[in-house]
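If you want the building blocks of each chain, they are given just below.
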Amino acid sequence: MELENFKKVVLLEKDKLCVETSRGYLTVTGDELTVAAMEKGRILLHGRFLQVSFSYFTIS
């Protein structure tokens with residue numbers, strides 16, 4: 001899986017990756033997730049992907 005145009009990596013574990021985008025957080029969960037390549041705003045992730053979710057920033 002390749003992710004692009006995100007601001008920063010918030011969390012990187014063997015079963016979860018979370019990145020911050022301009023509108024919220026994108027979270028990928030799976031098994032044995034590994035980073036194959038990483039550049040500013042781009043990440044190539046390998047593993048068994050189980051779920052991709054997005055949570056928008058809330059405005060108070």
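Given the structure is predicted, the values throughout are model-derived calculations rather than measurements.

Reading the values: rules and limits
Residues numbered from 1 in each chain as written. Predicted model: local features only at pLDDT ≥ 70, side-chain atom pairs only at ≥ 80, totals over all residues. Heavy atoms only, no water. Pairing = 2+ DSSP bridges. Helix = DSSP H or I, 4+ residues; strand = E, 2+ residues; numbered from the N terminus. Axes fitted to C-alpha atoms, helices over the stretch in contact; angles between N-to-C directions. Phe/Tyr/Trp six-rings, centres within 6.5 Å; stacked < 30°, edge-to-face > 60°. Buried < 20%, exposed > 50% of the residue type's maximum accessible area, 1.4 Å probe, protein only. Salt bridge = Lys/Arg side-chain N within 4 Å of Asp/Glu carboxyl O.

Engineer: Which residues make up the sheet that holds strand E3 (residues 16-20), and what values go with them?
Structural biologist: Within the open sheet, the five strands sit side by side as E1-E5-E4-E3-E2. Their pairing is antiparallel. For this open sheet the edge positions go to strand E1 (2-4) and strand E2 (8-13), each flanked by a neighbour on one side alone. Taken over all neighbouring pairs, the strand axes of this sheet differ in orientation by 35° on average, direction set aside. Inspection of the sheet shows E2 paired to E3 by five bridges, in the antiparallel sense.

Engineer: Go over the packing of aromatic side chains with me, naming the residues and quoting the values.
Structural biologist: Geometry of an aromatic ring pair is reported as the spacing of the ring centres plus the angle between the planes. Considering all chains together, one arrives at two aromatic pairs under this definition. Seen in terms of ring centroids, phenylalanine 54 and tyrosine 56 are 4.8 Å apart; in terms of plane orientation they differ by 75°. Their pairing is edge-to-face. Accessibility expressed as a relative area gives 60% for tyrosine 56, which makes it exposed.

Engineer: So, the pattern of salt bridges: which residues are in play, and what are the values?
Structural biologist: Scanning all chains against the criterion turns up four salt bridges. Across the pair aspartate 31 and arginine 48 runs a salt bridge, and its minimum N-O distance is 2.9 Å. Of this pair, aspartate 31 sits in strand E4 (residues 24-39) while arginine 48 sits in strand E5 (residues 42-56), placing them 17 residues apart in sequence. Linking arginine 42 and glutamate 39 is a salt bridge whose minimum nitrogen-to-oxygen distance equals 3.7 Å. Salt bridges here are not isolated pairs; linked through shared partners, they connect Glu2, Glu39 and Arg42.

Engineer: I'd like a rundown of the environment of valine 35, residues and numbers included.
Structural biologist: Following the sequence through the fold, valine 35 ends up in strand E4. Sequence-wise, valine 35 and leucine 45 are ten residues apart; in three dimensions their C-alpha atoms are separated by 4.7 Å.

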